[in-house]
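Structure at a glance
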Amino acid sequence: MRVSRDYLDAGVLRVWVVDSKARSITVFYPDAPRQIYMGDTLLIDSLFEGLELTAEQVFNKAGIPTTFQ
């Protein structure tokens, strides 16, 4: 994703792209490959000490349904 690279090149340390249809969170890093989180895969990041969550928790808390009509 070109836009993610623009942010990283500008000095942003993380870019999170949240896709409600795919129910995924893609995290882009300046010095590592992107990581895609879905379902109950635990998202932990040393940049955000103490943050531990899953994509499913994010979507559930936001009230985003599992299927779109």
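Structure shown above.
Let me begin by describing the structure that accompanies this report.

Considerations on the nonpolar core
Formed by I25, V27, Y29, Y37, L43, L53, A55 and F59, the largest nonpolar core amounts to eight residues. In this view, F59 contacts V18, D19, S20, R23, S24 and I64; residues no more than four positions away in its chain are not counted.

Here we look at helix α2 (residues 55-62)
Since one α-helical turn is 3.6 residues long, residues separated by three or four positions face the same way. Taken together, the buried positions of α2 are occupied by A55, E56 and F59. In a view along the axis of α2, the buried residues occupy a sector of 95°, so they form one face of it. Where the residues of α2 are buried, they touch β1 (15-19), β2 (24-28), β3 (35-38) and β5 (52-54). Positive phi appears at G63, one or two residues downstream of α2, with a value of about 75°.

Here's the deal with the sheet that holds β2
Overall, antiparallel pairing links the three strands, which are arranged β1-β2-β3 in an open sheet. Both outer strands of the open sheet, β1 and β3, are each paired with one neighbouring strand and no more. If you compare each strand with its neighbour and ignore which way they point, the axes differ by 20° on average. Strand direction decides the pairing type here: β1 and β2, joined by five bridges, are antiparallel. Its bridge partner being in β2, V18 is matched across the sheet by I25. Lying over the sheet, helix α1 (residues 2-9) contacts β1 and β2, oriented at roughly 155° with respect to β1. On top of the sheet, α2 reaches β1, β2 and β3; it is set at about 120° to β2, its chief contact.

Considerations on the packing of aromatic side chains
This structure, assessed with the given rule, holds one aromatic pair. With a centroid separation of 6.3 Å and an interplanar angle of 90°, the aromatic rings of W16 and F48 are classed as edge-to-face. Here W16 is found in strand β1, whereas its partner F48 is found in the loop between β4 (42-44) and β5, with 32 residues between them in sequence. Owing to a relative accessible area of 31%, W16 belongs among the partly exposed residues under this scheme. By relative accessible area, which is 36% here, F48 ends up partly exposed.

A word on the side chain of R14
Inspection of the secondary structure assignment puts R14 in the loop between α1 and β1. Its relative accessible area of 19% is what places R14 among the buried residues. At 2.7 Å, the side chain of R14 and the side chain of D45 are in polar contact. Excluding residues within four positions of it along the chain, R14 makes contact with L8, V27, F28, Y29, P30, D45, S46, L47 and F48.

Cut-offs and rules
- Residues numbered from 1 in each chain as written.
- Predicted model: local features only at pLDDT ≥ 70, side-chain atom pairs only at ≥ 80, totals over all residues.
- Heavy atoms only, no water.
- Core = buried A, V, L, I, M, F, W, Y, C linked by side-chain atoms within 4.5 Å.
- Buried < 20%, exposed > 50% of the residue type's maximum accessible area, 1.4 Å probe, protein only.
- Contact = heavy atoms within 4.5 Å.
- Helix = DSSP H or I, 4+ residues; strand = E, 2+ residues; numbered from the N terminus.
- Arc of directions from axis to C-beta.
- Pairing = 2+ DSSP bridges.
- Axes fitted to C-alpha atoms, helices over the stretch in contact; angles between N-to-C directions.
- Phe/Tyr/Trp six-rings, centres within 6.5 Å; stacked < 30°, edge-to-face > 60°.
- Polar contact = N/O pair within 3.5 Å; in protein donor to acceptor, adjacent residues only side chain to side chain.

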